[in-house]
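Breakdown of the fold
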There are 2 protein chains.
Amino acid sequence: MKYILPILLSVFLLSPDFMKAQSVLTNQHKEHAQQLIQKAMGSDVAWERLTYMADTFGPRFSGSENLENSIDWIVETMEEDGFDKVWTQPVMVPHWVRGEESATLLSPRKKDLPMLSLGGSVATPEGGISAEVIVVKSFDELEKVKDQVEGKIVLYNAEFTSYGRTVQYRVNGAIEAARHGAVASIIRSVGPYSMQTPHTGTMYYDDEVKKIPHAAITIEDAMLIQRLYDRGEKIEINLNIQARTLPDTESRNVIAEIKGTEFPEEIIVMGGHIDSWDVGQGVMDDGGGCIAAWEAVRLMNELGIKPKRTIRVVLWTNEENGLRGAEEYHRWVKEEEKSLENHVLAIESDAGVFDPIGFGFSGSERAYDILSEIGTTLQPIESGQVTKGGGGADIGPLMRDGVPGMGLVVDGSRYFWYHHTGADTMDKLNKEDFNECVATMAVFAYAVADIEERLPR
Amino acid sequence: MKYILPILLSVFLLSPDFMKAQSVLTNQHKEHAQQLIQKAMGSDVAWERLTYMADTFGPRFSGSENLENSIDWIVETMEEDGFDKVWTQPVMVPHWVRGEESATLLSPRKKDLPMLSLGGSVATPEGGISAEVIVVKSFDELEKVKDQVEGKIVLYNAEFTSYGRTVQYRVNGAIEAARHGAVASIIRSVGPYSMQTPHTGTMYYDDEVKKIPHAAITIEDAMLIQRLYDRGEKIEINLNIQARTLPDTESRNVIAEIKGTEFPEEIIVMGGHIDSWDVGQGVMDDGGGCIAAWEAVRLMNELGIKPKRTIRVVLWTNEENGLRGAEEYHRWVKEEEKSLENHVLAIESDAGVFDPIGFGFSGSERAYDILSEIGTTLQPIESGQVTKGGGGADIGPLMRDGVPGMGLVVDGSRYFWYHHTGADTMDKLNKEDFNECVATMAVFAYAVADIEERLPR
């Protein structure tokens, strides 16, 4: 009989219900969370900094002065924000430069086709390449007409379904077209909506296959050419790309941290990518994510909130066309700082700073439960929902080595309208939504850094 | 006593309730209406014709070959559609030609500003005009800083409220800026939304005031420049416009009619404007309206429906930058055909062919009641609502001379996203909505042409 009570007790304590019920949040955590939300929602700092950066420096493409000037300004400004340490990490990045470029429909009638060459594309000869066009909607269609491709320009008119599926024509389109002898390839811009708005983005070559020029025209014009083609018209286009690939150049990851008061070696890393494409202002992709992560920690400093664990803001460079910043940070963490095991959680925002919903999390069940509890404190701004599965490109290398990771989830209905286009500009951002993103990142980072229990892997 | 019955009867017959209750529609009218709706909704003809015209000829600007080629094709095609008569009416139209053009932000940093010069603008010297920019949000603001305008470029960053209110900066902006010594003027594109999409449109000069170049940049860039300006930055822009105004050239109104079987001299006129701006495809503004009016009558021909009164389709030329087609038709009706009194109703579609709601009507109460009754037959596609007030630019001259007029009312939420931009293209049009527009125009035109009672003025 004397064993009955301990057994019953241990069964109860180990039951999932009790585990769930055991709260990780103290009253102070809950109070701090509300302070962070209030402070974020009443502040103009994030908005003003993002606007200032975007307006002053313009888009921040890898290899550009704009990017390095932005980083200089960030570092200078961060140094007055109460961080314990601010530093940069050198990263060699690709240096592709867009030149004069155009696409012109020559037949059946002359028409200028607004376009953007894709990042990394080789140039055409001066004056461009004029050739007959073969239009396909998919790689399957290309396969069926592969005998007719030689000497032509392939136009992929692939309708947007999801980014992941449709982007393959941007990424691999030049390789597949060149395999069958095409002299150039063109894609329909990868996006669900267009107002004559071409999208750029990264693309690959294969060393075994001839490198041909690769560009994006608008959805409108791709659909127009498809219709003309379907009516039996002979399509001819001049594609002119005077881009250059220069030697790799030095950029930097920006890192700023506040040291944990009890477990300074345990790190919550949070950020976005500071580089953007070379069009628009790189606001949604991903200036907003960077400024939100930075501001989240600045608010803690301003409120005098000092969490137990270290919170580190990282603004990775060169996500767009290389991911070199993410790789370098990961290498440094593993080989130099030797802190991989102590990376408790990696947080990224790279889906735009629209109205936030919560986070998508990849990690253990127990960690998911803890994060879900933390999410309840965001009820006032309805942004605390934690869903399973999520992460980000820049935290990918850490996550593959076992670090739990999560990505900010926002109302994504217009993200792909803007990203990689000239329309990714400040006016698309709603200040209140943006401040809610700041608050959401602040509350999660703070709570994970301050709760007694280390977020289990 | 013998007078009592007739008096009572006449009081009853003349009472408003009886007037209202007295139906103008026979069962045959109701049947024909349903046939027209069914036929329109099941047809690809309107869609295919509009697509063919827009794709083959491109935008149809006054003075362009595109416009005249489109008109040739329309006339040829109409001649096989069972109309009693198809003809064109010569109209001399303005001939302004867009040339090479650009706007470049020079200070505080270099940036290409996507732009469209406004229709009728004078050119800049070769290489453009480079000048400091003064930014104002309204004519009131301009008035306050008028002493600083001399030698500068005025940028009107007027936020879109309604088209009618905001378009004044496009129409009169150059005059007001030049009055104070500006060397050029630029507007924020007149529209509620932009994805780096400049809007063109018509503008005026005043013979008493110096003519200065006038152009539109995107909403995004106007807002960017406003922010830079508000931060105290010196703004400098190079504006380069190589447009030319050539001598007036001949265009044509297209007219096609089916003769009424009982009152052939009584005319219901219905149409849109066949010209467009010189960008995009002029689909919503106003190719769709033209094809819808044409198709509405073609469907009657196909169904063998022969109304009592004449229905005349008119595709007016040069609405956009002159209204010369509308004026010539009106002159001809008054002075040559002498049919003004017999113009029973004028119907226009020029608000896009989005999901139709009904018509906005300007005319007598009794006519409004009749039209409202006709509208009930459109219940299956919910497009029969008649509201008070409405018309159109091309039927304006007729309406000012007393002809009842009405304009198709559609879901207008995106009309000003596209109109006068490169994004006014086929892909923005939903085939079902478009067919509903056809059906709506067909039913109203047919019923007004066939009911016993002539629509009273």
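Calculation notes
Residues numbered from 1 in each chain as written. Chains lettered and ligands numbered in written order. Predicted model: local features only at pLDDT ≥ 70, side-chain atom pairs only at ≥ 80, totals over all residues. Heavy atoms only, no water. UniProt positions renumbered as here; feature names shortened; annotations may be inferred. Buried < 20%, exposed > 50% of the residue type's maximum accessible area, 1.4 Å probe, protein only. Helix = DSSP H or I, 4+ residues; strand = E, 2+ residues; numbered from the N terminus. Pairing = 2+ DSSP bridges. Least-squares fit on C-alpha atoms with pLDDT ≥ 70 in both. Contact = heavy atoms within 4.5 Å. Buried area = accessible area lost by both parts, 1.4 Å probe. Salt bridge = Lys/Arg side-chain N within 4 Å of Asp/Glu carboxyl O. Polar contact = N/O pair within 3.5 Å; in protein donor to acceptor, adjacent residues only side chain to side chain.

Per an unreviewed UniProt entry, chain A is named Carboxypeptidase Q, and its organism is Gracilimonas sediminicola. A UniProt comment under Subunit (unreviewed entry) is attached to chain A, and it reads "Homodimer. The monomeric form is inactive while the homodimer is active."

Residue and element names in this part refer to chain B. Counting buried residues in strand E9 (residues 236-241) gives five out of six residues, a clear majority hidden from the surface. Inspection of the sheet shows strand E2 (residues 101-107) paired to E9 by six bridges, in the antiparallel sense. Within E9, the residue paired with leucine 105 across the bridge is isoleucine 237. Two strands pair when backbone bridges link them, and strand E5 (residues 129-136) and E9 are joined in this way by four bridges, in the antiparallel orientation. Pairing of alanine 131 across the sheet is with isoleucine 237, part of E9.

A few words now on the relation of the copies chain A and chain B. Overlay of chain A on chain B (RMSD 0.0 Å): rotation 180 degrees, translation along the axis 0.0 Å. What the superposition gives is, in effect, a two-fold axis relating one chain to the other. Distance from the rotation axis, computed per C-alpha, reaches its smallest value in chain A at Met195(A): 2.9 Å. The residues that chain A uses at the interface reappear at the interface of chain B in 100% of cases, marking a shared surface.

The next thing to look at is the interface of chain A and chain B. Facing 30 residues of chain A, the contacting portion of chain B comprises 30 residues. The junction of chain A with chain B conceals about 2,400 Å² of combined surface from both sides, 55% of it contributed by carbon and sulfur atoms. Among the residues chain A hides against chain B, the three largest losses belong to Asp55(A), Arg109(A) and Met195(A). Together they make up 27% of the total. Here chain A is connected to chain B by six salt bridges. With its nearest N and O atoms 2.7 Å apart, the salt bridge here joins Asp55(A) to Arg227(B). Summed over the shared surface of chain A and chain B, the number is 18 residue pairs in polar contact (both at pLDDT 80 or more). Looking at the side of chain A that touches chain B, the elements with two or more residues in it are helix H4 (45-57), helix H8 (219-230) and helix H13 (415-418) of chain A. The dominant element in the side of chain A that touches chain B, judged by the number of residues it contributes, is H4(A), at six residues.

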